[in-house]
Amino acid sequence: MTKEKRKNSDIPSPHPHPPIGLALGSGMARGFAHIGVLKGLLKHNITPTIISGTSIGAVIGGSYLAGRLDQIEEWALSLTRRNIFKYMDFRSRSASLIGGKRLESLMYENFGDLTMEELPHPFIAIATDIVTGHEVWLRKGDFTSALRASFALPGIFPPVMINHRTLIDGALVNPVPVSACLAMGSRLTIAVDLNADMIGKATKPGQGYQTVAGFDVFNENDVSIEDQKMFKGSFVQKIFRRDPDSPSLFGVMVSSLNIVQDRLTRSRLAGDPPDVHIKPRIGHIGLLEFEKAAELIREGEEAVERAMPRIKAAMDILLPRVMREEDGNDKGKKT
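Residues numbered from 1 in each chain as written. Predicted model: local features only at pLDDT ≥ 70, side-chain atom pairs only at ≥ 80, totals over all residues. Heavy atoms only, no water.

When helices and strands are counted, the chain shows 11 helices and eight strands. Taken over 335 residues, the chain has a buried fraction of 55%. Taking the intrachain contacts of the chain between residues at least 6 apart in sequence as the baseline, contacts between residues at least 24 apart amount to 75%. Surface summary for the chain: the accessible area is close to 15,000 Å², and the carbon and sulfur share equals 52%. (Helix = DSSP H or I, 4+ residues; strand = E, 2+ residues; numbered from the N terminus. Buried < 20%, exposed > 50% of the residue type's maximum accessible area, 1.4 Å probe, protein only. Contact = heavy atoms within 4.5 Å. Areas by Shrake-Rupley, 256 points an atom, 1.4 Å probe, with all protein chains shown as cover.)

Next up, the structure:
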């Protein structure tokens with residue numbers, strides 16, 4: 001696939017908005033709620049101009065700054081239980097379950113050779129150095145590579161090499177990166193936590209454990225017999241197959257990571273608390289239920305509506321009146 005350079009006109013021009021930071025957390029499919037959060041904020045003329053993101057949060061936040069939020073929403077709404085599998089190039093004898101080449105091609109198709117320096121506002125994608133365990137803030141260089149590094153969930157997607165460092169998912173060190181927004185000069189920081197409503201939720205009635213994916217790959221009520229053929233007899237079957245009363249290997253692995261993320265998020269946010277903490281109610285949705293984009297986006301918008309009294313109160317206190325007036329005047333000129 002040819003990597004075409006994106007035109008500068010495709011990216012929104014920077015405007016003198018107040019320095020409002022938005023920290024978008026990790027959560028795989030649940031990350032589509034971030035689209036709803038951004039739509040909800042923009043609906044109220046609240047324009048985030050400092051974005052930090054971890055994993056899927058980096059993808060959605062970066063897409064917003066690249067002027068591709070509508071396109072990623074359209075793509076998300078087109079996903080079904082069946083067609084999501086075409087993006088999963090499963091492989092064995094490697095460092096990851098999914099090769100990631102198909103997703104990489106899709107990203108380059110949309111972003112081309114866009115660099116992070118070309119974005120109109122400050123942006124940081126959070127990743128983890130697998131050798132040192134250090135938290136890595138990606139602010140320069142190839143945009144798509146930075147996003148891939150940020151969502152390189154260990155065992156699921158392969159590590160990404162950037163500047164001689166082997167990088168994996170930033171959720172291992174900073175699941176909701178408020179600290180990055182603060183470092184970039186955010187005066188009002190809004191954090192979106194996708195894991196706050198998750199622990200202890202089960203996706204099926206009477207089930208004592210969470211079906212992490214949101215569906216059972218080998219249950220014909222969840223995945224058609226035809227689609228199951230790609231898994232049966234392969235190593236993938238060992239990963240997703242489970243006993244009737246116990247989770248799969250994939251379920252145990254990802255559930256454990258989710259617990260670590262939840263506890264780490266609480267610790268990090270205690271040290272660097274956001275001014276507004278948005279917690280979408282999406283714990284009942286599985287990490288691979290990408291086909292529920294419409295519900296996730298809607299809940300993201302509703303979460304913003306629930307938080308609006310706190311957001312407005314924080315704006316009144318933290319943003320100087322002259323900033324708000326200038327921002328309003330700018331909007332009036334555009335209309």
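Moving on, we come to the packing of helix α1 (residues 33-43) against helix α3 (residues 69-78). Where α1 contacts α3, the two axes come as close as 11 Å, and the packing angle between them is 140°. As the angle between them shows, α1 and α3 are arranged oblique. At the point where α1 passes α3, the crossing takes the left-handed sense. Facing α1, whose interface residues are Ile35, Leu38 and Lys39, α3 presents Leu69, Ile72, Glu73 and Ala76. Looking at the contact of α1 with α3, its residues break down into five nonpolar, no polar and two charged. (Axes fitted to C-alpha atoms, helices over the stretch in contact; angles between N-to-C directions. Parallel < 35°, antiparallel > 145°, perpendicular 65-115°, else oblique. Left-handed = near helix turned anticlockwise from the far one by under 90°. Nonpolar A, V, L, I, M, F, W, Y, C, P; charged D, E, K, R; others polar.)

Attention now goes to helix α4 (residues 101-111). Residues of α4 that are buried: Leu103, Glu104, Leu106, Met107, Tyr108 and Phe111. Of the surrounding secondary structure, the elements contacted by the buried residues of α4 are α2 (56-65), α3 and α5 (143-150). Phi for glycine 112, located one or two positions after α4, is positive at around 60°.

Extensive coverage of α5 is indicated by the burial of eight of its eight residues. Every buried residue belonging to α5 is among Phe143, Thr144, Ser145, Ala146, Leu147, Arg148, Ala149 and Ser150, and all of these are buried.

Moving on, we get to the pattern of salt bridges. For the structure shown, the criterion picks out seven salt bridges. Notably, a salt bridge pairs glutamate 73 with lysine 39, separated by 2.9 Å at the nearest N-O pair. In this pair, glutamate 73 is assigned in helix α3 and lysine 39 in helix α1, connecting sequence segments 34 residues apart. Taking the shortest distance from any N to any O, the salt bridge between arginine 306 and glutamate 299 comes out at 2.5 Å. (Salt bridge = Lys/Arg side-chain N within 4 Å of Asp/Glu carboxyl O.)

Moving on to the confidence of the model for the chain. Summarising the model, the chain shows a mean pLDDT of 82, and 71% of its residues fall at 70 or more. This stretch, residues 1-10, has a pLDDT under 50; its non-local contacts, to residues over four places away or in other chains, come to 18 contacts. (pLDDT = per-residue confidence, 0-100.)

Mapped onto the elements of the fold, arginine 102 is located in helix α4. Residues arginine 102 and lysine 86 lie 16 residues apart in sequence; the distance between their C-alpha atoms is 8.1 Å.

Our focus in this paragraph is the packing of aromatic side chains. On inspection of all chains with the given rule, the structure shows five aromatic pairs. With a centroid separation of 6.3 Å and 85° between ring planes, the pair formed by phenylalanine 32 and tryptophan 75 is classed as edge-to-face. Pair noted here: phenylalanine 32 is in the loop between β1 (20-24) and α1 and tryptophan 75 is in helix α3, with a separation of 43 residues, a long-range link. A relative accessible area of 2% means that phenylalanine 32 is categorised as buried. (Phe/Tyr/Trp six-rings, centres within 6.5 Å; stacked < 30°, edge-to-face > 60°.)

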